[in-house]
Amino acid sequence: MVAMFFGSMAVSDALGATLAHGVKFGRSGFKKGRTLDASDVALLEEAGIERVSAVRFEPGDVEEDAAAHSLAKAVAGPGLRVAEPFTGRSNLFAEQDGILVLDLERLQALNQVASDLTIATLPPFARVAAKDMVATVKIIPFATREDVLARGLALTEGGPMLRLAPFVGLRARLVQSATSATSDKLLDKTVEVTRQRLEAVGAMLLDERRCPHTTEGIAEAVAASLAEGGDMVLIAGASAVTDRRDVLPSGIEAAGGTVEHVGMPVDPGNLLVFGRHGDIPVIGLPGCARSIKLNGFDWVLERLAAGLRVTPQDIMAMGVGGLLSEIPTRPQPRGAKPGEQAGATMRLPRITALVLAAGRSSRMRGANKLLTPIDGKPLVGHVVDAALQSSCDRVVVVTGHMQAELAQALAGRPLTLTHNPDFADGLASSLKAGLAAVPADADGVLVLLGDMPDIDRRLIDRMIAAFSPADRRSIVVPMANGRRGNPVLWSSAFFAEMRELEGDAGARALIDRHEDQVAEIVVEHRGPLVDLDTPEALAAYLENRK
């Protein structure tokens, strides 16, 4: 299916080929995915390596990253963000809290096009939080054929296959019926659990009223709740519903509503009553909804909270996967919000951008280079703005020399300024000052130098896409013209070692120490190598921009 060459080839014939497997020689080596240039071939020959495992693309091949990104952008609908590709994978993330809506038929068809093209998603109607991963597009070989990709893209002509339905801020009212045996403590607990359950999906509880557990009592309370306005009425009955003619559904009908469905194939949650009064859902809660544990009502509530209409057919379709009790993979974590399940959620890494801007610019012979205007804003502003536009969780700028002037130059930007009083001690002191301002829950830190104006949002996002400590990609560095440059993305696992650094050497020694954890991002421009340390370098840079 793929025309590209894959296999062993002589190093002498490997110019322009891409390594299928890494090559070790001396204290270093080349990693899988590196495209060999003339200097690389010379190093391999000098090391005595005669053959490498590599691929060579042919006309009609679409390289894995380009194919994955193209397909991911085509399947992604509103509310989803497509991450930059890495190793043939492009991930899709939720931009806000909501429910994932899938076109199952076309997604299944896409995975049937060819083994080259794959997409894995969360289940239909999964509840997700902002920055959660909802899907991943993966190209299996190093490249796929143009015609194969075209067949996959053709399936997207009818529109996106995935979208996020964001929570719309429903307003609900609660009715509770009671008998002489119903305790106030139980009713009070139900109010609090219901409030928490609603708030977890962006909704709010407007009020609660109590009534006798009779058809007339429920009808009067429901009618009063409807008259006061809102988007939904919830009823917690004093006893379980055992028949469509029972007190609770009869009360809904007596209030002028319609009972559309009684019961659901989800356990716990079987005894749900779903009705409407015009367009307003009126729902009889199963008894298990008095607990924070996940139950069938949560699935109905989540869809309604995302503005999705729920029908009896939807409720009946919830049976597959609807056995929620006593399943080891769904233990209820302590302190969980109502309806939440245990288990790690894949999400966009929490990365703090750490911009080092404390130096004295001594090689500039007087001027502070970071304040030099380029295209209408200071040099340091270009780096900071790239970080702010990226997927980084937050931006921390370390100041030192001319602290007040830098703060003024960056005023109005949503960032954290932290001062390094020991900036004269060298780069390591600024690195440590910055790490002190990084949140405890950060997965990593992207260390940027304030004098590199050609670092852009896309490079930062590509580095974050490559970051995966679980896959031994705990340090991510850009490669330009065969050389490693800046910025560098570090896993939080290295923070302790970074705090031990001294002087002006930065963290480069740590890269050598942990070479097996390094992932390289090849960049087609020289941005990662361009820092403006001298008046001559700055003048040349400005001249080239004309």
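Structure: above.
The following refers to the structure shown.

Rules of the game
- Residues numbered from 1 in each chain as written.
- Predicted model: local features only at pLDDT ≥ 70, side-chain atom pairs only at ≥ 80, totals over all residues.
- Heavy atoms only, no water.
- Helix = DSSP H or I, 4+ residues; strand = E, 2+ residues; numbered from the N terminus.
- Buried < 20%, exposed > 50% of the residue type's maximum accessible area, 1.4 Å probe, protein only.
- Contact = heavy atoms within 4.5 Å.
- Areas by Shrake-Rupley, 256 points an atom, 1.4 Å probe, with all protein chains shown as cover.
- Lys, Arg positive; Asp, Glu negative; His and termini not counted.
- Charge placed at Lys NZ, Arg CZ, Asp CG, Glu CD.
- Axes fitted to C-alpha atoms, helices over the stretch in contact; angles between N-to-C directions.
- Parallel < 35°, antiparallel > 145°, perpendicular 65-115°, else oblique.
- Nonpolar A, V, L, I, M, F, W, Y, C, P; charged D, E, K, R; others polar.
- Salt bridge = Lys/Arg side-chain N within 4 Å of Asp/Glu carboxyl O.

## What about the overall build of the protein?
Alright, step 1. Within the protein, the regular secondary structure consists of 16 helices and 30 strands.
Alright, step 2. Overall, the C-alpha framework of the protein stretches about 90 × 60 × 45 Å when taken along its three principal axes.
Alright, step 3. Within the protein, the fraction of its 546 residues that count as buried is 51%.
Alright, step 4. When contacts within the protein are restricted to residue pairs at least 6 apart in sequence, those whose partners lie at least 24 apart make up 70%.
Alright, step 5. Just so you have it, the protein exposes about 24500 Å², and 51% of that area is on carbon and sulfur atoms.
Alright, step 6. Distance between charge centres in the protein, computed from 58 positive and 68 negative side chains, equals 2 Å.

## Quick notes on the packing of helix α2 (residues 64-75) against helix α4 (residues 146-154)
Alright, step 1. Two elements in contact, α2 and α4, have axes whose closest approach is 10 Å; the angle formed by their N-to-C orientations is 10°. By the criterion of interaxial angle, the relationship of α2 to α4 is roughly parallel. Note on element contacts: α4 touches α2 through Leu 149, Gly 152 and Leu 153, opposite Ala 67, Ser 70, Leu 71 and Ala 74.
Alright, step 2. Here the contact of α2 with α4 is composed, by residue class, of five nonpolar, two polar and no charged.

## A word on the pattern of salt bridges
Alright, step 1. On inspection of all chains with the given rule, the structure shows 30 salt bridges.
Alright, step 2. Notably, a salt bridge pairs Glu 228 with Arg 173, separated by 3.3 Å at the nearest N-O pair. With a gap of 55 residues between them, Glu 228 in the loop between α6 (215-227) and β17 (232-236) and Arg 173 in strand β15 (residues 171-178) connect regions that are remote in the sequence.
Alright, step 3. On the basis of relative accessible area, Glu 228 is assigned to the partly exposed category, the value being 43%.
Alright, step 4. Three or more residues joined by partner-sharing salt bridges are found here, namely Arg 34, Asp 40, Arg 484, Glu 515 and Glu 520.

## Describing the environment of Thr 214
Alright, step 1. Along the chain, Thr 214 falls in the loop between β16 (204-212) and α6.
Alright, step 2. Sequence spacing of Thr 214 and Asp 246 is 32 residues, and the spatial spacing of their C-alpha atoms is 9.5 Å.

## Observations concerning the environment of Gly 527
Alright, step 1. Turning to its location among the elements, Gly 527 is positioned in the loop between β30 (518-522) and α16 (535-544).
Alright, step 2. Judged by relative accessible area, which is 2%, Gly 527 ranks as buried.
Alright, step 3. Sequence-wise, Gly 527 and Ala 480 are 47 residues apart; in three dimensions their C-alpha atoms are separated by 7.8 Å.
Alright, step 4. Excluding residues that lie within four positions of it along the chain, Gly 527 makes contacts with Met 452, Asp 454 and Ile 455.

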